[in-house]
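Reading the structure
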Amino acid sequence: MNASVIARRLRFGPGAASAPGALGLIVFFLAPVVTLLVYSFLTSGRFSVARPFTLSNYDATISAAGTAGAVRNSVLLGVLAAGVAVVVGLAIASWLRYYAGRLQNVVLSMIIISMFASYLVRIYAFRILLGDEGAVNTVLDTLGIVSEPVSWMLFSRFAVVCALTHIALPYVVLILYGAFRPLDPAYLEAAQDLGAGALTRWVRVILPTMAAPIGSAFLMTFVLTSADYVTPQFLGGTGQQMVGLLIQTNFTVAGDWARGAALSFLTLGAYLLCYVIMGLGLRIAKLNTIRWGT
Amino acid sequence: MRSQSGGRIQTAVTFAALVFLFAPLIVVVLFSFHSSGSLSFPFEGFSLRWYRATFESPQFRSALENSLIVAAVAAATTLVLGTLAAYGVSRASPRLKGPLALTFFLPITLPGVFLGVALLIYYVRLDLQLSLTTIAISHMVYVSPYFFIVARTAMDRLDPALEEVARDLGARPVEVFVRVTLPQLWPILLGATALAFMLSFDEFVITFFVAGGDTTLPVFIFGQMRRTVDPTINVVSSLLIGGSLALWIMAFIYAAVLQRRASAKKTEPPTAAASAVQTAGAPAEAR
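This structure is a prediction, so every number in the text was calculated from the model and none was measured.

Every contact between the two is made by 77 residues of chain A and, on the other side, 74 residues of chain B. Contact between chain A and chain B buries roughly 7,000 Å² in total, counting both sides, with carbon and sulfur atoms accounting for 80%. The largest contributions to the chain A side of the interface with chain B come from Phe28(A), Phe116(A) and Tyr124(A), which together make up 10% of the buried area. At the surface where chain A touches chain B, the tally comes to zero salt bridges. Between the two partners, chain A and chain B, sit twelve residue pairs in polar contact (both at pLDDT 80 or more). For the side of chain A that touches chain B, the element with the most residues is helix H2 (residues 19–39) of chain A, which contributes 14 residues.

In this structure, Leu36(A), Leu96(A), Val230(A) and Phe251(A) are the most contacted members of the largest nonpolar core, which totals 148 residues. The biggest single contributor to this core is helix H8 (residues 157–180) of chain A, with 15 residues. Every residue in contact with Phe251(A), bar those within four places of it in the chain, is listed here: Leu36(A), Phe47(A), Trp257(A), Gly260(A), Ala261(A), Ser264(A), Val117(B), Leu120(B), Ile121(B) and Phe209(B). Membership of the second largest hydrophobic core comes to five residues, among which are Leu162(B), Ala166(B), Ala171(B) and Val176(B).

Residues and elements named next belong to chain B. The tally for this structure, following the rule as stated, stands at three salt bridges over all chains. For Arg 91, the salt bridge goes to Glu 163, with nearest N and O atoms at 2.8 Å. Here Arg 91, found in helix H3 (residues 58–91), pairs with Glu 163, found in helix H7 (residues 160–168); they are 72 residues apart in sequence, far enough to count as distant. Residue Arg 172 pairs with Glu 175 through a salt bridge whose shortest N-O separation is 3.2 Å. Residue Arg 172 is classed as partly exposed on the basis of its relative accessible area of 46%.

Right, let's get into the packing of helix H6 (residues 119–130) of chain A against helix H1 (residues 8–32) of chain B. Across the interface, H6(A) lies against H1(B) with an axial gap of 9 Å and an inter-helix angle of 80°. One finds that H6(A) runs roughly perpendicular with respect to H1(B). Here Val121(A), Tyr124(A), Ala125(A), Phe126(A), Ile128(A) and Leu129(A) of H6(A) lie close against H1(B), whose contacting residues are Phe20(B), Ala23(B), Pro24(B), Val27(B) and Val28(B). Among the residues forming the contact of H6(A) with H1(B), the class breakdown is eleven nonpolar, no polar and no charged.

A surface patch of nonpolar side chains, amounting to about 320 Å² of accessible area, comprises Leu23(A), Ile26(A), Val27(A) and Leu30(A). Within the secondary structure, Val27(A) is located in helix H2.

Right, let's get into the side chain of Ser264(A). Examined against the element boundaries, Ser264(A) turns out to sit in helix H14 (residues 257–284). According to the relative accessible area criterion, Ser264(A) is buried, its value standing at 0%. Sequence-distant contacts of Ser264(A), that is, excluding residues within four places in its chain, are made with Leu36(A), Ile247(A), Phe251(A), Phe114(B) and Val117(B).

What follows deals with H8(A). For H8(A), which comprises 24 residues, the first-to-last C-alpha distance of 32 Å matches the rise-based estimate of 34 Å (1.5 Å per residue) to within 8%. Here H8(A) starts with a cap whose side-chain oxygen sits 3.2 Å from the backbone nitrogen of Phe158(A), and that cap is Ser156(A).

Let us look at the packing of H7(B) against helix H8 (residues 173–202) of chain B. Residues and elements named next belong to chain B. In contact at an axis separation of 10 Å, H7 and H8 are set at 160° when each is read in the N-to-C sense. Put simply, H7 runs roughly antiparallel to H8. The handedness of the crossing between H7 and H8 comes out as right-handed. The segment H7 lies against H8, with Leu 162, Glu 163, Ala 166 and Arg 167 engaging Val 176, Val 180, Thr 181 and Gln 184. Of the residues in the contact of H7 with H8, the class split is four nonpolar, two polar and two charged.

A few words on the environment of Phe204(B). When you line up the elements, Phe204(B) lands in the loop between H8 and helix H9 (207–210). In sequence terms Phe204(B) and Thr216(B) are twelve residues apart; their C-alpha atoms lie 8.6 Å from each other. In this structure Phe204(B) touches Tyr119(A), Leu120(A), Tyr229(A), Val230(A), Pro218(B), Val219(B) and Phe222(B), once residues within four positions along its chain are discounted.

Owing to a relative accessible area of 32%, Val27(A) belongs among the partly exposed residues under this scheme. When sequence neighbours within four positions are dropped, the list of residues in contact with Val27(A) reads Pro32(A) and Tyr122(B).

Bringing the packing of aromatic side chains into the picture now. Residues and elements named next belong to chain A. Within the structure shown, the criterion is met by 25 aromatic pairs over all chains. Both rings, one in Trp 152 and one in Phe 158, keep their centres 5.3 Å apart while their planes meet at 75°; by these two values the pair is edge-to-face. Ring centres of Phe 180 and Trp 202 lie 6.5 Å apart, and the angle between their planes is 85°; this geometry places the pair in the edge-to-face category. Of the two residues, Phe 180 is situated in helix H8 and Trp 202 in helix H10 (residues 198–209); the sequence distance between them amounts to 22 residues. Residue classification places Phe 180 among the buried residues on the basis of a relative accessible area of 0%.

Let us now look at the confidence of the model for chain A. In this model, chain A carries a mean pLDDT of 86, and residues with pLDDT of at least 70 account for 95%. Confidence, expressed as mean pLDDT per element, reaches its minimum in chain A at helix H1 (residues 3–9) of chain A with 57 and its maximum at H2(A) with 93.

The rules we used
- Residues numbered from 1 in each chain as written.
- Chains lettered and ligands numbered in written order.
- Predicted model: local features only at pLDDT ≥ 70, side-chain atom pairs only at ≥ 80, totals over all residues.
- Heavy atoms only, no water.
- Contact = heavy atoms within 4.5 Å.
- Buried area = accessible area lost by both parts, 1.4 Å probe.
- Salt bridge = Lys/Arg side-chain N within 4 Å of Asp/Glu carboxyl O.
- Polar contact = N/O pair within 3.5 Å; in protein donor to acceptor, adjacent residues only side chain to side chain.
- Helix = DSSP H or I, 4+ residues; strand = E, 2+ residues; numbered from the N terminus.
- Core = buried A, V, L, I, M, F, W, Y, C linked by side-chain atoms within 4.5 Å.
- Buried < 20%, exposed > 50% of the residue type's maximum accessible area, 1.4 Å probe, protein only.
- Axes fitted to C-alpha atoms, helices over the stretch in contact; angles between N-to-C directions.
- Parallel < 35°, antiparallel > 145°, perpendicular 65-115°, else oblique.
- Nonpolar A, V, L, I, M, F, W, Y, C, P; charged D, E, K, R; others polar.
- Patch = residues over 30% accessible without salt bridge, like charges linked within 9 Å, V, L, I, M, F, W, Y side chains within 5 Å.
- Areas by Shrake-Rupley, 256 points an atom, 1.4 Å probe, with all protein chains shown as cover.
- Expected span 1.5 Å × (residues − 1).
- Left-handed = near helix turned anticlockwise from the far one by under 90°.
- Phe/Tyr/Trp six-rings, centres within 6.5 Å; stacked < 30°, edge-to-face > 60°.
- pLDDT = per-residue confidence, 0-100.

Quick look at the structure:
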């Protein structure tokens, strides 16, 4: 009995082609995540865990001295980076859609190319760009804007937000550019003919129709940036704790796996909550689905 | 909308953003050619000494080699499993479609640090030695959703009539897949494989946790960054930028060539259908 006969007997559909990949993800994605979840309820040793099951990791994580500060910092930096990326991304995407003309493909390609620069390279670049003798200070000095180097730029929240925005911006532009495509210039021209100024067109036409993609671009960027653990290490000032960094330290330095696991799931839960709230908000405001008339 | 006054703010922001996106990269590349070890202005002249120093470093060479191996293994495995997965999902029964697609999409939704620590404790739990193998497995998990999204979109766009014709003419499912479905898709699959390769080559956030003693190129850069500010980091960074740029340009030219060929073929539309008929009509030739 050969394989195809067996397959026919078991009535495998073509869906069976997914089986090897799905199996791989069960073993090396779902199982690790479940393991982490179980670990978050175990008692921590050093770089190990043991029974009994307990809720104390969640308790201890929430009440730990450093947690509140790290959360505040992560939220602040994540919101700043995501906010800047979305506002700038909206400007770029609308430019690409309505004003770019022949430059559209060139600028779009440039943005995609910038995406291919290595993640670590971007972080490193801001370190040599923002230092006392870095390119930014050199330019400011040459132009006569400042007489002595601006020293607050490097190792600060500013530097972290710069790098995080740099990482997030190309993704945001691509998402929003795609979202602008169905918004035909004719809609905006109609608004203009009816007397709507530029601001009114943005507030009453563009932003409502783009609410869902703007929301998902913002949240995606927020998740991406607030969980980052490398940028604050290299560009943040002393004591710039962030949640991602706290998770990393728990696992690789402190060896407190159970606490790290608890913090991971608390963070994940918070992100999930953000998505749920956004989804509900869009639904209540009836902005979740836009019907494009012809 | 075409009025001259309109869009001034957008234009200004766009060009400022391009400066913001490229200035850091240009500075990195510029200082990789610096003749002195200083990473600040004034620029004292060009030299290739840091490139020489980098290529002579055994740590750099082994990191590069490791990165190439890991990315090649991860991309090749993703090509095979991801293509099958995308085919299965796009041809699955409506009831299976949603949950299956979600499964393959799921890894992309987790922040890297989360995936990294989950895989770390899992490998330790299984007593798997942290090594290039664990890096490669982790990279497969990380790159697979990207590949899957591209491949599935392409599969969904295929004309199902071609496969039906082949089946009606007696081709077995495997033959339909290999001789009708794949030939239409391989350019896109190749592009998605290149994307998987690049994502793996550049991955750091997850790799950091699962690397053990083995060093990939991003792990090597991370180590250098921790110790000093050193011009060889600029060299490695510039090589990474140059490498991905070259790959991207190649893909771009390739896509343009394909497009031209496709539009040339449009004058004789039935070729694809005809080849499907031929394929199915001669199943004996398949083996």
